[in-house]
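A structural walkthrough
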Amino acid sequence: MILPPPKKVPRDPFDLRVLAELPLAESFYTLWAYLATDKLLKDLFDAHRGKCYEDQLSFPELVSVLVDAITRYHGSGNRAISKALERNELSVEHRAPYGKLARLPLPLAEAFLSGLTARLQPLFPKGLYRTELPACLDGLAVVVLDGKKIKNAAKRLLATRGRPGKLFGGKILAAYLPAHGLAVAMAADPDGEANDIRLMPRVMPLARAAVAGPRLWVADAQFCDLDQPAEFTQAEGDHFLMRFSLRNSFTADPEKAALRGTNRLGQAYTQDWGTMGCEKDPRRCNVRRIVVERPGQEAVIVVTDLLDAQAYPAEDLLEVYLHRWQIENVFQQITEVFELQHLIGSAPKATVFQASLCLVIYNILQVVRGYAALASPEPVKVNELSTEKIFLDMHE
C-alpha cells in the first residue's frame, strides 16, 4: 500500500516572525558574550573596585542580571532577579544585587564603558560610517562632548517618600564619535546637579585613550570659558569647535577683514578672526568666530582654533557642529528605549553604572545595525535603520 505524501502544514505567522527576528537577538547576545567575558569583568572589577569587594555575589553575575533586566524585562530588576533565582543562577537573596549595585565605584562604571567599547570597535564594519564628515576633516577624529543628569531616581529614602518634585541620580559626561555613532568614554559624578566642567579633568584622559589623535573636540556653550581651550589642545594636533558663550569677550582683529557666506541651509553667516578673553587675561587665545544669523531667533555663534578658512571652510565646520545633536539623541534613546527611565537602583552609583551599561548596549546595537545595513539587498545607509526598532524586535 502506497501512502500519500504528507500534507504540508503552513507555518504559523507568529513562528515565521520569530524565525525572521531571531538573528537579531542571537547577534546581540553573541556580541555580548564576546565582549563581557567573566575574565574581563573580573579584571575590570579588580582594577577599579576601590573599597568594594566580592563576597557571594560576583561582579559578572550582577552584570548578567542587569543585562537581562534591560534586554528581556523592560528594565525590571525585580523580574530579572526573580527569574535568575528560579533558574538557580544566583546564590544570594533577592536584595543582594541591589546592595551590590549601590556600592559599585564610579571609576568601575567609567572603565566598564571604555573597556568593553575598546573590544567592540574592531568589530565595526570597515569603511562604514553613520555620519559622513566633511573631507577637510579626514585627518581629525571628531569627538563630541556632552553631559547628562540621570533623572527619576526612586524616592526610597524615608526623607524623600511622599515629597513633591523629582529626585536625580548621578551625572555623566560622555565622549561620542559621530562618524561611527559610538559613545567611547564617560566620566561620572554622584551629584546629578554637577556642572559638566567639573568632569572635564576626568573625561579627557579617558577619551584620549579611547580615540587616537589628532582630534577635533566639539562642545556647546557651557564649555566655552578660557580654561577649556588649553584643555582641548593639550595633546599635540588637537583642536576645538564650540559654541560661543556671551560670558566671554571677543575682540576682532582690525587687520583681518571679515568674510561672508551662506551655509547649506541657506542661512547667511559672517566669519572673522580675533582673540577671546580680555587683554590682561593670560588665558586669552586666538580664535576664528563664525556667526550664523537666524531672523527671529538667536544667532548661532561658534569659535574654533582652526584658523585657516581655506583648509577648513566655515560651511564644513557649521555642518560638523550640527552633528552635535546626535549625542542628545543617544541620551534620549538610552533613557526611553533602553529603560534608563526605569532605574534599577536609586543610589547615585547605581544610576551611573546603569547608564554605562545602557551605553554599552547602545554601542553593540550600532555594530548590529551596521551589519544589517551591509546585508540589506538594497543599498541602505546606517542612519536609515532605526536603533529603536532593532532593539524592540530583538526584545520580542
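Residues numbered from 1 in each chain as written. Predicted model: local features only at pLDDT ≥ 70, side-chain atom pairs only at ≥ 80, totals over all residues. Heavy atoms only, no water.

In terms of helices and strands, the protein chain carries 12 helices and 10 strands. If you line up the protein chain on its principal axes, its C-alpha atoms span 100 × 65 × 40 Å. Counting across all 396 residues of the protein chain, residues that qualify as buried make up 49%. Considering only contacts within the protein chain whose residues lie at least 6 apart along the sequence, 64% involve residues at least 24 apart. In the form shown here, the protein chain has an accessible surface area of approximately 19900 Å², with 53% of it arising from carbon and sulfur atoms. Looking at the protein chain, you have 47 positive and 48 negative side-chain charges, and the mean spots of the two groups are 5 Å apart. (Helix = DSSP H or I, 4+ residues; strand = E, 2+ residues; numbered from the N terminus. Buried < 20%, exposed > 50% of the residue type's maximum accessible area, 1.4 Å probe, protein only. Contact = heavy atoms within 4.5 Å. Areas by Shrake-Rupley, 256 points an atom, 1.4 Å probe, with all protein chains shown as cover. Lys, Arg positive; Asp, Glu negative; His and termini not counted. Charge placed at Lys NZ, Arg CZ, Asp CG, Glu CD.)

So, about the confidence of the model for the protein chain. Confidence in the prediction of the protein chain, expressed as mean pLDDT, is 87, and 90% of residues score 70 or more. When mean pLDDT is compared element by element in the protein chain, strand β4 (residues 215-219) scores highest at 98, while helix α1 (residues 13-35) scores lowest at 72. Low pLDDT, under 50, characterises residues 6-10; the predicted model gives this stretch 0 contacts beyond four residues in sequence or across chains. (pLDDT = per-residue confidence, 0-100.)

Counting 123 residues, the largest nonpolar core has Trp 32, Phe 112 and Phe 232 as its most contacted members. Ranked by residue count, the leading element in this core is helix α11 (residues 348-375), at 15 residues. Once residues lying within four places of it in the same chain are set aside, the contact partners of Trp 32 are Val 63, Val 67, Phe 112, Leu 116, Leu 357, Val 360 and Ile 364. (Core = buried A, V, L, I, M, F, W, Y, C linked by side-chain atoms within 4.5 Å.)

Along any regular strand, the residues point their side chains to alternate faces of the sheet. Where β4 lies against strand β5 (residues 239-243), 4 bridges are found, and the strand directions are parallel. Counted as the bridge partner of Val 218 is Leu 241 from β5. Two elements, β5 and strand β10 (residues 300-304), share 3 bridges in a ladder whose sense is antiparallel. Within β10, the position partnered with Leu 241 by the bridge is Thr 304. (Pairing = 2+ DSSP bridges.)

Take helix α9 (residues 314-322) next. Ala 314, Asp 316, Leu 317, Leu 318, Val 320 and Tyr 321 are the residues of α9 that are buried. Close packing links the buried residues of α9 with β1 (141-149), β4, β5, β8 (268-276), β9 (285-292) and β10.

Glancing now at the environment of Tyr 73. With respect to the secondary-structure elements, Tyr 73 resides in the loop between α3 (59-71) and α4 (77-86). Relative accessible area serves as the criterion here: at 11%, Tyr 73 is assigned to the buried category. Residues Tyr 73 and Phe 59, 14 residues apart in the sequence, show an inter-C-alpha distance of 20 Å. Aside from chain neighbours lying at most four places away, what touches Tyr 73 is Asp 68, Arg 79, Ala 80, Lys 83, Arg 87 and His 395.

Further remarks concern helix α12 (residues 387-395). The complete set of buried residues in α12 reads Thr 387, Ile 390, Phe 391, Met 394 and His 395. The arc that holds the buried residues of α12, viewed along the axis, is 135°, so those residues lie on one side. (Arc of directions from axis to C-beta.)

Here we take up a nonpolar patch on the surface. Nonpolar side chains collect at one region of the surface, where Leu 265, Leu 322 and Trp 325 lie side by side and expose about 310 Å² of accessible area between them. With respect to the secondary-structure elements, Trp 325 resides in helix α10 (residues 325-336). (Patch = residues over 30% accessible without salt bridge, like charges linked within 9 Å, V, L, I, M, F, W, Y side chains within 5 Å. Salt bridge = Lys/Arg side-chain N within 4 Å of Asp/Glu carboxyl O.)

Right, let's get into the packing of aromatic side chains. Following the criterion strictly, the structure yields 7 aromatic pairs and no others. Centre to centre, the rings of Phe 112 and Phe 353 are 4.9 Å apart; their planes meet at 50°, and the pair counts as tilted. One end of the pair, Phe 112, is in helix α6 (residues 106-120); the other, Phe 353, is in helix α11, and 241 residues separate them in sequence. Pair check on accessibility: Phe 112 and Phe 353 agree, each one buried. Aromatic rings pair up to connect Phe 45, Phe 59, Phe 112 and Phe 353 into one cluster. A cation over a ring is seen here: Arg 119 above Tyr 34, with NZ or CZ 4.5 Å from the ring centre. Stacked on the ring of Trp 273, the Lys or Arg Lys 256 has its end atom at 4.6 Å from the ring centre. (Phe/Tyr/Trp six-rings, centres within 6.5 Å; stacked < 30°, edge-to-face > 60°. Lys NZ or Arg CZ within 6 Å of the ring centre and 35° of its normal.)

The next subject is unusual backbone geometry. Here the amide bond leading from Gly 213 into Pro 214 is cis, since omega sits at -5°, within 30 degrees of zero. Mapped onto the elements, Pro 214 comes out in the loop between α7 (200-210) and β4. The phi dihedral of His 74 is positive, around 55°, even though this residue is not glycine. Counting through the fold element by element, His 74 comes out in the loop between α3 and α4. Phi at Asn 88 takes a positive value of approximately 60°, unusual for a residue other than glycine. With respect to the helices and strands, Asn 88 occurs in the loop between α4 and α5 (96-103). We classify Asn 88 as exposed; its relative accessible area is 69%.

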